[in-house]
Amino acid sequence: MTPMGTTTTIIASARLQAYRATLETKLKHPRCMKISCTQETNTKGGKPASRSNLTQNFSSERNLGTLAVISDITWKRFSYEKKRYYHSLSGVRDLLKRVRMVHSSKNQSSQKGEVILACDRFVRTDTKDSLSKMAKLIDGKQIASDIRSELREQIVKWIQQGHRAPQLTAILIGDDPASNTYVANKMKAATDVGIVSKTERYSSDITEEQLLRRIEELNLDDAVDGILVQLPVPDHINERKVCNSVSCGKDVDGFNERNIGRLCLDMNTLIPCTPLGVQELIKRCQIETFGKNVVVVGRSKNVGMPIAMLLHADGRNDTCAMDATVTICHRFTPPSELARFCKSADIVITATGVPGLITADMIKEGAAVIDVGITRVVDPVTGKNKLVGDVDYDEARKVAGHITPVPGGVGPMTVAMLMKNTFIAAKNLAKK
Ligand code: NAD
Ligand code: L34
């Protein structure tokens, strides 16, 4: 416990200085005489204070006794966790608890010293998610891997019951590198879960008629459970016609207009993989949606729109209840309105392909941020290609409660959900 009559020193950034009065009342321990706030002035470019900076700061505050406590107990513990910083008032409260805990267990050197609290993002913490106030990372890669393991077990059982393995055929047209990667990821996942998969590759001069004929053959092939045509297709091919040509039962992308219609009516159907992946992330992370405000940024028919449909789905119908109040923003939503809508949202789901569109100041403290966007950019530092989402991730994670990374967020979920849909399609077709 904090020794009687000691001073709690708070190193606060300018932002937290504003909360000084609140901090003093909220943090004051009954046995703590005084709380003094000291502005951390030695940090440059938002980097955490170095130990020598802190030393300087405390020397100037004539708090050397206190520093001994930091170096003996707290600082050492802070120093090995490089990435997490407290950034909020509640974070400071958690830190206070932690420091007290440290003091009660290693109490000897703290008797004469003072308790140090350093707050805002300058101080490193020794704990992971339990105490950090950084957004909880939604690890789409891990969740997708869990889902694949569950599916693998179910498919093994299905085969043990005497059924053949589910079968997925992907049609890949042209040589778009991103499409190549995505389809390759799908094929890998299929093998992983026990789905037999085939990729049919066609050059970009395939005619619409040839493609539709091939899809019809696959529709009629009893050995095929799932068909997907990787988008985009070349300009001379009518995408809508192609999506509609895949029979509803084998439409594992859920892009056939009849399946989309069923989704809009909250009816049981094959749901597009990315929206389904977003829904699954929200469910598995136990993010509350009932009566919450959700903003979906992007209104495309394959991504934004179906996400919005799922999020406000009524639990009284076939689909999973989400029951949120959904606002859809799009390219003609004025930036100031976009910011206003996002700021009031408990969940922001963005799918635009505009890097940096969603900045930290647009996020409500504690909101969940799901970034569907994927854009390939050249990293100015390494000169190499990298993937970025729509969200300014590094800053937004200091404000959000949950956040998805890019890559490793929604992308792997899209792939996992395709596996799920293929297995559902196989089971449905086997019933017929
Ligand atoms: P799209 O181009 O069809 O739609 C983009 C949408 O963003 C449009 O509705 C547009 O109105 C909106 N938009 C554009 N600029 C905007 C702005 N400044 N403010 C607000 N809204 C704006 O794209 P899409 O197919 O919906 O894909 C969107 C993004 O998601 C892309 O980056 C794509 O690569 C990515 N994506 C990722 C996955 C995944 O699994 N992670 C799946 C599909 C798409
Ligand atoms: N017909 N076309 C059809 N169905 C789909 O569901 C898609 N989509 C989108 C493009 N066209 C489609 C996908 O499969 C986007 N998409 C997709 C698939 C996989 C990944 C991302 C998007 C993915 O695996 N993303 C990884 C990184 C992959 C990389 O290295 O490029 C991630 O971690 O985000």
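As shown above, the structure is provided for reference.
So, here's what we can say about the structure. (Residues numbered from 1 in each chain as written. Chains lettered and ligands numbered in written order. Predicted model: local features only at pLDDT ≥ 70, side-chain atom pairs only at ≥ 80, totals over all residues. Heavy atoms only, no water.)

### Regarding the site of ligand 1
Turning to step 1, where the next piece is worked out: What surrounds ligand 1 is a group of 19 residues, the closest being Arg299, Ser300, Arg331, Ile374 and Thr414.
Turning to step 2, where the next piece is worked out: For ligand 1, an oxygen atom lies 3.0 Å from a polar atom in the backbone of Arg331.
Turning to step 3, where the next piece is worked out: Gly353 is positioned with one of its backbone polar atoms (N or O) 3.5 Å from an oxygen atom of ligand 1.
Turning to step 4, where the next piece is worked out: The fraction of the free accessible surface of ligand 1 (850 Å²) that becomes covered by protein chains is 73%.
Turning to step 5, where the next piece is worked out: The element that contributes the greatest number of residues to the shell around ligand 1 is helix α15 (residues 410-431), accounting for 3 residues.
Turning to step 6, where the next piece is worked out: Broken down by class, the residue content of the shell around ligand 1 amounts to 8 nonpolar, 9 polar and 2 charged. (Near = heavy atom within 4 Å. Polar contact = N/O pair within 3.5 Å; in protein donor to acceptor, adjacent residues only side chain to side chain. Areas by Shrake-Rupley, 256 points an atom, 1.4 Å probe, with all protein chains shown as cover. Helix = DSSP H or I, 4+ residues; strand = E, 2+ residues; numbered from the N terminus. Nonpolar A, V, L, I, M, F, W, Y, C, P; charged D, E, K, R; others polar.)

### What about unusual backbone geometry?
Turning to step 1, where the next piece is worked out: Of note, the amide linkage connecting Leu231 to Pro232 takes the cis form, showing an omega dihedral of 5°.
Turning to step 2, where the next piece is worked out: Residue position: Pro232 is located in the loop between β7 (226-229) and α9 (239-245).
Turning to step 3, where the next piece is worked out: The linkage connecting Val406 with the following residue, Pro407, adopts the cis geometry, with an omega of 0°.
Turning to step 4, where the next piece is worked out: By the secondary structure assignment, Pro407 is in the loop between β14 (402-403) and α15.

### Some details on helix α10 (residues 257-264)
Turning to step 1, where the next piece is worked out: Every buried residue of α10 is accounted for by Asn259, Ile260 and Leu263. Around the axis of α10, the buried residues are gathered within 100° of arc, so they sit on the same side.
Turning to step 2, where the next piece is worked out: Looking at the buried residues of α10, the elements they touch are α9 and α12 (304-311).
Turning to step 3, where the next piece is worked out: Capping the start of α10 is the job of one residue whose side-chain oxygen sits 2.8 Å from the backbone nitrogen of Arg258: Asn256.
Turning to step 4, where the next piece is worked out: Directly after α10, the chain includes Asp266, whose backbone phi takes a positive value near 60°. (Buried < 20%, exposed > 50% of the residue type's maximum accessible area, 1.4 Å probe, protein only. Arc of directions from axis to C-beta. Contact = heavy atoms within 4.5 Å.)

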